[in-house]
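The chain contents come next:
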Amino acid sequence: MRLSTVILPVHRWSEGQKIWRRAEELGFHAAYTYDHLSWRSFQDEPWFGSLPTLTAAACATERLRLGTLVTSPNFRHPVTLAKELITLDDVSGGRFTLGIGAGGTGFDATAMGQEAWPPKERADRFGEFLPLLDELLRSDATTREGTYYSAVEARNIPGCVQTPRLPFYVAAAGPRGMRLAAEHGQGWVTYGDPKGPADVPVEQAPGVIARQIEKLTAACEERGRDVATLEKVLLQGSTAEKPLQSVEAFVDWAGTYRELGVTELVIHWPIPDSIFENDLAVFEEIATEGLARLG
């Protein structure tokens, strides 16, 4: 099992770079950030762009993997995103992972003036977006016509440092998303019950993940793929569980999900006076000792 962190893009770089460097010093496997234009309780607070932040983080670190949790079609197009991704993969020396999902109905969904897409349209769009992005990142030139997304001789030379392209970690809970994860993903991401993870009683939260992994396994079997070839990533912070209260709490939480087959845990870097407020000293102790205490 690996341990990673999410560093939200809320800091001016003069301060933010210190956090990304500290994440590497603490030995985290990866540091991710949210790919939003704004987000919930931070709507009226500082919030910077994810891909420029990750590019700067790539220059400030040497070993730490970097990524998004998660990018979505809400305000992006596969052609322009692919160009930014091959650049980021190059700048980072092949340390980038793309967490990607169908998106939701938050601020990103209407910021460009459009109506929020209904669930079926979000799923339809994601079903076009992800395969096209996959092709763009594997090919020197791509032409494809779709209902929502098209490419005409879109060039991506020299392509990704990582081959055959940078990894996709697909966030999915429903059957269509699970199939996309099985077909295109190198990893799968969950944060709990998408209908309201914080409303699920703590004792029932692991059961939600167990059932999701069962669905992922079935989707892989349909495609003749071994589910063990996908990383299974759990993003902490949305459920009623409190694994960052102490090292002991983290060990219990991590052990539960390791038994279920989760291969990477992602914990939020503490942010004072926010929903992600936690004791930084405890957080750093978890980073350096938590997984070791699992045995």
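Everything below is about the structure shown above.
Per chain, residues are indexed from 1 in the order of the written sequence. In keeping with the predicted nature of the model, local features appear solely for residues at pLDDT of at least 70, side-chain atom pairs appear and are counted solely at 80 or more, and the whole-chain, interface and lining totals rest on all residues. Only hydrogens and water are set aside; all other atoms, that is, all heavy atoms of the structure, feed into the side-chain values.

A.B. asks: Looking at this structure, how should I read the side chain of Ser-72?
C.D. replies: Each helix is a run of H or I in the DSSP string that is no shorter than four residues. Each strand is a run of E no shorter than two, and both are numbered from the N terminus. As for its placement among the helices and strands, Ser-72 is situated in the loop between strand S3 (65-71) and helix H3 (78-91). Nitrogen and oxygen atoms within 3.5 Å of one another constitute a polar contact, given that in protein one can donate a hydrogen and the other can accept it, and given that sequence-neighbouring residues count only through two side-chain atoms. A polar contact of 3.2 Å, which involves the side chain of Ser-72, links it to the backbone nitrogen of Asn-74. Those residues in contact with Ser-72 that sit more than four places away from it in its chain are Gly-101, Ala-102 and Gly-103. Any pair of residues with heavy atoms lying within 4.5 Å of one another is described as a contacting pair.

A.B. asks: Looking at this structure, I do not really get the packing of helix H1 (residues 13-25) against helix H2 (residues 50-60). What am I missing?
C.D. replies: When two helices pack together, their arrangement is captured by the angle between the axes and the distance separating the axes. Interaxial angles span 0 to 180 degrees and are taken between N-to-C directions of axes, which are lines fitted to C-alpha atoms, for helices over the stretch in contact. Where H1 meets H2, the axes come as close as 10 Å, and the angle between the chain directions of the two elements is 60 degrees. In terms of orientation, H1 and H2 fall into the oblique class. Where H1 crosses over H2, the handedness of that crossing is right-handed. On H2, the residues touching Trp-13, Trp-20 and Arg-21 of H1 are Thr-53, Leu-54, Ala-56, Ala-57 and Ala-60. The classification used treats Ala, Val, Leu, Ile, Met, Phe, Trp, Tyr, Cys and Pro as nonpolar, Asp, Glu, Lys and Arg as charged, and all other residues, Gly among them, as polar. A per-class count over the contact of H1 with H2 returns six nonpolar, one polar and one charged. An angle below 35 degrees is read as roughly parallel, one above 145 as roughly antiparallel, one from 65 to 115 as roughly perpendicular, and any other as oblique. By the definition used in this description, the sense in which the near helix is turned from the far one sets the handedness, with an anticlockwise turn below a right angle giving left-handed and a clockwise turn giving right-handed.

A.B. asks: Looking at this structure, I do not really get the nonpolar core. What am I missing?
C.D. replies: Soluble globular proteins: nonpolar side chains tend toward being buried together. As used here, the term nonpolar core means buried Ala, Val, Leu, Ile, Met, Phe, Trp, Tyr and Cys residues forming a set that is joined through side-chain atoms within 4.5 Å. Under the scheme applied here, a residue whose accessible area is under 20% of the maximum for its type counts as buried, over 50% as exposed, and between as partly exposed, the area being computed with a 1.4 Å probe on protein chains only. By size, the foremost hydrophobic cluster in this structure holds 68 residues, and its most contacted members are Phe-28, Leu-133, Leu-137, Phe-250, Leu-265 and Ile-267. Here Leu-133 is in contact with Pro-78, Leu-81, Ala-82, Leu-85, Leu-98, Ile-100 and Phe-168, once residues within four sequence places are set aside. Counting residues in each nonpolar core, the second largest holds 18 residues, with Phe-42, Val-233, Leu-235 and Phe-276 among its members.

A.B. asks: What's the story with H3 in this structure? I'm lost.
C.D. replies: Compared with the 20 Å implied by 1.5 Å per residue over 14 residues, the 20 Å span of H3 between its first and last C-alpha is a close match. Turning to H3, its buried residues number three or more, namely Pro-78, Leu-81, Ala-82, Leu-85, Ile-86, Leu-88 and Asp-89. One side of H3 holds all its buried residues, which, seen down the axis, span an arc of 165 degrees. Residues of H3 that are buried in the fold lie against H2, S3, strand S4 (96-100) and helix H4 (119-138). Taken from the residues just after H3, Gly-93 is the one with a positive phi, measuring 70 degrees. To estimate the expected span of a helix, count its residues, drop one, and scale the result by 1.5 Å. Here the arc refers to the directions that run from the helix axis out to each C-beta atom.

A.B. asks: Just checking my understanding: could you explain the side chain of Thr-68 for this structure?
C.D. replies: With respect to the element layout, Thr-68 can be found in strand S3. Within the structure, the side chain of Thr-68 is placed 2.9 Å from the backbone oxygen of Gly-99, a separation counted as a polar contact. Those residues within four positions of Thr-68 in sequence are excluded, and the remaining contacts are Tyr-32, Thr-33, Asp-35, Ser-50, Leu-51, Leu-54, Phe-96, Thr-97, Leu-98 and Gly-99.

A.B. asks: I'm lost on the packing of aromatic side chains in this one. Help?
C.D. replies: Any pair of aromatic rings gets described here by the distance separating the centres and the angle formed by the planes. Centres within 6.5 Å are what make two rings of Phe, Tyr or Trp a pair, Trp counting through its six-membered ring; a difference in plane orientation under 30 degrees is then read as stacked, over 60 as edge-to-face, and the rest as tilted. All chains considered together, the criterion is met by 13 aromatic pairs. On the basis of an interplanar angle of 50 degrees and a centroid distance of 6.5 Å, the ring pair of Tyr-148 and Tyr-149 is categorised as tilted. For Tyr-148, a relative accessible area of 30% gives the class partly exposed. Owing to a relative accessible area of 5%, Tyr-149 belongs among the buried residues under this scheme. Ring geometry for Trp-253 and Tyr-257: centres 5.8 Å apart, planes at 65 degrees, overall edge-to-face. Placement of both Trp-253 and Tyr-257 in helix H7 (residues 247-260) is noted, with a separation of four residues, approximately one turn of the helix. A relative accessible area of 1% places Tyr-257 in the buried class. Within the aromatic cluster, the residues linked to one another by ring pairs are Tyr-34, Trp-39, Phe-42, Trp-47 and Phe-276. Only Lys NZ and Arg CZ are tested; either one counts as a charge over a ring when it is within 6 Å of the ring centre and within 35 degrees of the ring normal. For Arg-125, the ring lying beneath its charged end belongs to Trp-117, and the centroid distance is 3.9 Å.

A.B. asks: Hey, could you run me through the packing of H2 against H3 in this one?
C.D. replies: Interaxial distance between H2 and H3 falls to 9 Å at its minimum, and their mutual angle equals 15 degrees. Looking at the two axes, H2 sits roughly parallel to H3. For the element pair H2 and H3, the recorded crossing hand is left-handed. Residues Leu-51, Leu-54, Thr-55, Ala-58 and Cys-59 of H2 pack against Leu-81, Glu-84, Leu-88 and Val-91 of H3.

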